[in-house]
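Spelled out from the first residue to the last, the chains are:
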Amino acid sequence: MSETEIISTIDGIHDYVRKLRSSGKTIALVPTMGYLHEGHISLVKRGSDLCDSVIVSDFVNPSQFAPEEDFSTYPRDFDRDRKLLEENGVAAIFHPSKDEMYPQGCQTFVEVTEITKKLEGQFRPIHFRGVTTVVSMLFNAVRPDVALFGRKDAQQAAVIKKMVRDLHYDIRVEICPIVREADGLAKSSRNIYLTPKERGEALILRKSLLEAKELVLKGESNTCVIVDFVRAKVGTLAAAKMDYVSIVEEESFEDAGRIEPYRNYYLLIACKIGPVRLIDNCILRVE
Ligand code: AMP
């Protein structure tokens, strides 16, 4: 296995990518904020199935955090990330500084205007603008054939797909399944903030999603009933502070009134358990 390159500058990543391209290699990009877990590694593995070389970006992006959010305390451990990525045969890690990505005087943003307004966008108003800006920078830096994202952040994935269509990026966007802990909690870098008690309570998210899925399979198609069911279930937990529960059409992210057969919908939930904000989702479908 050849060594994993660590690259921290835009010029460096341009040179590296030029060399890969001139040797005929296809490139997969996995954008991350580091503190990696098996969810991230599943994207790396899928990337190496699809392309010759995988590049992972490891950068906690300041522009997607509001001032009161957890940018400064977001977990970071680059040495651990590097080892994990080396073990998984990653060709290069792009690990720039904040100043490299956002030099003094930087004043350009990329914004998807509509599907960013609801759900995550309602509770984190500048979040998606930061995400699309940094992903756009990464696309320009790496010019990947394929970019991989997790279904865990389903709205983010839909926003990126929209940006790629609207800006005519010649990049295939691949959305990968949610990787979970053995007990069902969706893996997340932020899970380390949970106390053991909150860690147990957090299972209510997955449980309520699974029970809602059952309800739909038993014939319930009214999305208000399903949403109310999830709200009530999570509401039984005193520590839970709900941001939203919603059912939307999978691709457009438009609100769904009924579950129609043979169509995919997302049931999405965002909720604080103690100080930790968690998100989860599942697909609803009946045939
Ligand atoms: P993050 O480092 O949290 O910004 O995540 C980087 C990428 O990994 C995003 O595309 C996430 O959706 C994806 N990801 C995070 N957690 C998971 C998970 N549990 N399963 C699958 N993908 C994930």
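Refer to the structure presented above.
Residues numbered from 1 in each chain as written. Predicted model: local features only at pLDDT ≥ 70, side-chain atom pairs only at ≥ 80, totals over all residues. Heavy atoms only, no water.

**Student:** What is the right way to read the nonpolar core from this model?
**Tutor:** Burial of nonpolar side chains together is a common tendency in soluble globular proteins. Judged by nonpolar contacts, the single largest core of 47 residues is most densely connected at I55, F139 and F253. The biggest single contributor to this core is helix 6 (residues 127-142), with nine residues. The contacts of F253, once residues within four sequence positions are left out, are I115, K118, L119, A154, Q155, A158, V248, Y266 and L268. In terms of nonpolar packing, the next biggest core, distinct from the first, is built from 29 residues, L194, I226, I247 and Y265 among them. (Core = buried A, V, L, I, M, F, W, Y, C linked by side-chain atoms within 4.5 Å. Buried < 20%, exposed > 50% of the residue type's maximum accessible area, 1.4 Å probe, protein only. Helix = DSSP H or I, 4+ residues; strand = E, 2+ residues; numbered from the N terminus. Contact = heavy atoms within 4.5 Å.)

**Student:** Where do I start with the pattern of salt bridges in this structure?
**Tutor:** Where charged atoms of side chains with opposite charge meet at close range, the side chains can pair. For the structure shown, the criterion picks out 24 salt bridges. With a closest N to O distance of 2.9 Å, E174 and R46 form a salt bridge. Taken together, the residues span a long stretch of sequence, with E174 in strand 6 (residues 172-176) and R46 in helix 2 (residues 38-50) at a distance of 128 residues. Residue class for E174 comes out buried when judged on its relative accessible area of 14%. Taken together, the shared-partner salt bridges in this structure form one network comprising E38, E181 and K187. (Salt bridge = Lys/Arg side-chain N within 4 Å of Asp/Glu carboxyl O.)

**Student:** Can you walk me through the sheet that holds strand 5 (residues 146-150) in this structure?
**Tutor:** Within a sheet, adjacent strands bond to each other through the backbone by hydrogen bonds, running parallel or antiparallel. Spatially, 1-4-3-2-5-6 is the arrangement adopted by the six strands of the open sheet, whose pairing is parallel. Each end of this open sheet is capped by a strand with a single partner; those strands are strand 1 (5-7) and strand 6. The average angle at which neighbouring strand axes cross in this sheet is 25°, direction not considered. Bridging between strand 1 and strand 4 (residues 92-94) involves three bridges; their strand directions are parallel. Across the sheet, E5 pairs through a bridge with A92, a residue of strand 4. Sheet contacts for helix 2: strand 2 (27-32), strand 3 (53-58), strand 5 and strand 6; angle to strand 5, the most-contacted strand, approximately 155°. (Pairing = 2+ DSSP bridges. Axes fitted to C-alpha atoms, helices over the stretch in contact; angles between N-to-C directions.)

**Student:** Would you take a moment to explain the site of the ligand for this structure?
**Tutor:** Taken together, 17 residues form the shell around the ligand, and within it H40, G150, D153, V179 and K187 come nearest. Take H40: an N or O atom from its side chain is 2.9 Å from an oxygen atom of the ligand. With respect to the ligand, the backbone of V179 contributes an N or O atom lying 2.8 Å from a nitrogen atom. Sorting the residues of the shell around the ligand by element identifies strand 2, helix 2 and strand 5 as the ones contributing at least two each. Considering each element in turn, the shell around the ligand owes the most residues, three residues, to helix 2. When its residues are assigned to classes, the shell around the ligand shows eight nonpolar, six polar and three charged. (Near = heavy atom within 4 Å. Polar contact = N/O pair within 3.5 Å; in protein donor to acceptor, adjacent residues only side chain to side chain. Nonpolar A, V, L, I, M, F, W, Y, C, P; charged D, E, K, R; others polar.)

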